Amino acid sequence: MDLIMKDIKVIVAAHKKYRMPEDPMYLPLHVGREGKEDLGYTGDNTGSNISLKNPSYCELTGLYWAWKNLKNKYIGLAHYRRHFSLRTKNRKDKFANVLTGREASRLLKDCNIILPRRRYYFIENLYDHYAHTMYVEPLNITGEIIHEKYPEYLPYFNRLHKRTSAHMFNMFIMRRDILDGYCSWLFDILGELEQRVDASKYDSFHARFYGRISELLLDVYLEKNHLKYKEVGFIYMEKIDKVQKVKDFLLAKFTGRKYGKSF
């Protein structure tokens, strides 16, 4: 029997021109488009949007745009340099390994959420890792907000002090009704966080804490609501300097020097 293709649209968040997957499931989206040069992609400054918040919200301005403006049954988020993948066979052309709409449809026959394979932090828990590499005040205040507004989620948020793995990158594909619940919850928390933290005290890199904190909140939401998902691999479209990444982590952990760039 032929596979029934799902109605899926996955935005590919980008702030510069880059090669994009050819599969029609993907929609290149220029995040932070407001006031910027046109890349030829759909801009996150159309329709209902928070495009101007991109310097601090990162790819979340794209997620907000997709949530408010797309009508597809399944909606997802990937990045121009990071994609879902079920295979790594083609080493000459990484784009040949990117998850296809047909593959996603097959996965979504038995679940309503697709996530990238979880990342493990073997040396320390998620809270300590964040505190060593970033300024922890916004994360602590996020906990206070959850305690006040969504106390039923607090036990799951507090697990950050014990958990050593997480689904990172703000990457997922979700059924629309699940996405609606998640985004309503997430952007309400982040909006309150804006009112309580003076982001101007941080440099441009560390002012992007909204995007980083949201990475940790995804599993909080999934676990609290007992949502089932399937994991797939993910691939970087460019080479990662793993040696430098380890060096910077060790410096952060043992000397208190915070990260100064993304990897």
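Structure: above.
Here goes a summary of the coordinates provided. Source: prediction; values computed, not measured.

In this structure, Leu 63, Ile 173, Tyr 182, Trp 185, Leu 186, Phe 187 and Leu 193 are the most contacted members of the largest nonpolar core, which totals 89 residues. For this core, the element with the highest residue contribution is helix 7 (residues 176-196), accounting for ten residues. Apart from residues lying up to four places away in sequence, Tyr 182 is in contact with Phe 172, Met 174, Ser 214, Leu 217, Leu 218 and Tyr 221.

In this section: the packing of aromatic side chains. Working definition: an aromatic ring pair is given by the centre-to-centre distance plus the angle between the planes. Per the counting criterion, the structure on display carries 20 aromatic pairs. With centroids separated by 5.2 Å and ring planes inclined at 85°, the aromatic side chains of Tyr 64 and Phe 187 adopt a geometry described as edge-to-face. Taken as a pair, Tyr 64 in helix 2 (residues 60-69) and Phe 187 in helix 7 lie far apart in primary sequence, 123 residues in all. Here the two residues Tyr 64 and Phe 187 agree in accessibility, since each one is buried. By way of ring pairs, the aromatic residues Tyr 150, Tyr 153, Phe 172, Tyr 182, Trp 185 and Tyr 221 are connected into one cluster. Directly above the ring of Trp 67 sits Lys 68, whose terminal nitrogen or CZ lies 4.1 Å from the centroid.

Scoring rules and cut-offs
Counting restarts for each chain, with residues numbered from 1 along the sequence as it is written. The model is predicted, so local features are restricted to residues of pLDDT at least 70 and side-chain atom pairs to those at 80 or more, both for listing and for counting; the totals for chains, interfaces and linings are taken over all residues. Each side-chain value is worked out from all heavy atoms of the structure, with water and hydrogens disregarded. The term nonpolar core refers to a set of buried residues drawn from Ala, Val, Leu, Ile, Met, Phe, Trp, Tyr and Cys, joined through side-chain atoms within 4.5 Å. Relative accessibility decides the category of a residue: with a 1.4 Å probe and only protein chains considered, values under 20% of the type maximum give buried, values over 50% give exposed, and everything between is partly exposed. Elements are defined by DSSP. Helices are runs of H or I of four residues or more, strands are runs of E of two residues or more, and each kind is numbered from the N terminus. Residue contacts follow a heavy-atom distance rule, with two residues in contact if any of their heavy atoms lie within 4.5 Å. Two rings from Phe, Tyr or Trp (for Trp, the six-membered ring) form a pair when their centres are within 6.5 Å of each other. A pair whose planes differ by under 30 degrees is stacked, one over 60 is edge-to-face, and the rest are tilted. Here, a charge over a ring means that NZ of Lys or CZ of Arg falls within 6 Å of the ring centre while also lying within 35 degrees of the ring normal.

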